[in-house]
There are 2 protein chains.
Amino acid sequence: MTFKINSKFLKSSYFITELSLCIIRLHDNSKFPWLILIPKRKNKNDISELNSKDQLLLIKEIVFVSNCMKKLFKTSKLNVEKIGNIVPQLHIHIISRSKKDETWPLSVWVTKGKSYSKRSAVKLIEKIRNSIKKKR
Amino acid sequence: MTFKINSKFLKSSYFITELSLCIIRLHDNSKFPWLILIPKRKNKNDISELNSKDQLLLIKEIVFVSNCMKKLFKTSKLNVEKIGNIVPQLHIHIISRSKKDETWPLSVWVTKGKSYSKRSAVKLIEKIRNSIKKKR
């Protein structure tokens, strides 16, 4: 069996691009700039299940995406989270936070999400893709 | 100025041990087995601010502590989170989750914490220290 993305991600996020290890997707919640990194490895539910080489790739890609987001969303405040209680397939949330966002300083998990309009989503995806392309 | 732990951690967690990069502390919330890794580097608020060598050490220590916790608390479900909205000093939460815990499958952040009794804390700290010693 080859690697497959859990279908829940396909419904709740948009494809941005892929790096050596991870697929990057935009989480469909307009309340926070929120990317998801999904390692292209099958049957992995935890960071500790990746082999050592992939663990190193993961931290490098987390830092790479973090730096893109800090610049793009003009913030130094990032939440980086591996949860996976609902969708077990290994994925990392990287969320730009701001003192003006709805739940600050609380977690993003204390509120319900709000989808992007199609137009805003397309615009934002383009912006993120360009930022990642420039940094590579 | 040398590295100092934010005083809020001293009040809300117990010292367990230290690894090459991180100090490990038990978060004082008896609802979830919950460790905190604090890199011994001054003025760091985000993973991306660590140098490359420390980034690699961090992921190795996250995996090391994750493996200890999976064995100790008999779970494969871990939440690994860098938040830092309230205490900006870089720290990583590693939380053992179980389908029987209070907020499953929601985040641990949707409920208030409950301190350990002194006796339970001492016992648990000893147990975690031994587990880490064995794995090293």
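An account of the accompanying structure is given in this report.

Each value, and the rule that gives it
- Residues numbered from 1 in each chain as written.
- Chains lettered and ligands numbered in written order.
- Predicted model: local features only at pLDDT ≥ 70, side-chain atom pairs only at ≥ 80, totals over all residues.
- Heavy atoms only, no water.
- Least-squares fit on C-alpha atoms with pLDDT ≥ 70 in both.
- Contact = heavy atoms within 4.5 Å.
- Helix = DSSP H or I, 4+ residues; strand = E, 2+ residues; numbered from the N terminus.
- Buried < 20%, exposed > 50% of the residue type's maximum accessible area, 1.4 Å probe, protein only.
- Phe/Tyr/Trp six-rings, centres within 6.5 Å; stacked < 30°, edge-to-face > 60°.
- Buried area = accessible area lost by both parts, 1.4 Å probe.
- Salt bridge = Lys/Arg side-chain N within 4 Å of Asp/Glu carboxyl O.
- Nonpolar A, V, L, I, M, F, W, Y, C, P; charged D, E, K, R; others polar.

A few words now on the relation of the copies chain A and chain B. For the pair chain A and chain B, the best superposition has an RMSD of 0.0 Å and corresponds to a rotation of 180° with a translation of 0.0 Å parallel to the axis. On the angle and the small slide along the axis, the relation comes out as a two-fold axis. Minimal C-alpha distance to the rotation axis in chain A is attained by E81 of chain A, lying at 2.1 Å. The residues that chain A uses at the interface reappear at the interface of chain B in 100% of cases, marking a shared surface.

On to unusual backbone geometry, then. Residue and element names in this part refer to chain A. With omega at 0°, the peptide bond leading from W104 into P105 counts as cis. In this structure, N43 is a non-glycine residue whose phi angle is positive, near 60°. Take N43: it is sitting in the loop between β3 (34-39) and α2 (52-72). For N43, a relative accessible area of 64% corresponds to the exposed category.

Residue and element names in this part refer to chain A. Scanning the model with the defined rule gives 4 aromatic pairs over all chains in all. Aromatic side chains W34 and W109 sit 5.3 Å apart centroid to centroid with 90° between the ring planes, which places their arrangement in the edge-to-face category. A residue pair is termed long-range when its members are at least 10 positions apart, and W34 in strand β3 and W109 in the loop between β5 (92-96) and α3 (118-135) qualify at 75 residues. Among the aromatic residues, those joined into a ring-pair cluster are F32, W34 and W109.

Let us look at the interface of chain A and chain B. Taken together, the 26 residues of chain A in the interface contact 26 residues of chain B. For the pair chain A and chain B, the two sides together bury roughly 2500 Å², of which 60% comes from carbon and sulfur. For the pair chain A and chain B, the interface holds 0 salt bridges. Secondary-structure elements contributing two or more residues to the side of chain A that touches chain B are α2 and β4 (78-82) of chain A. The element contributing the most residues to the side of chain A that touches chain B is α2 of chain A, with 7 residues. Of the residues belonging to the side of chain A that touches chain B, the class tally is 13 nonpolar, 7 polar and 6 charged.

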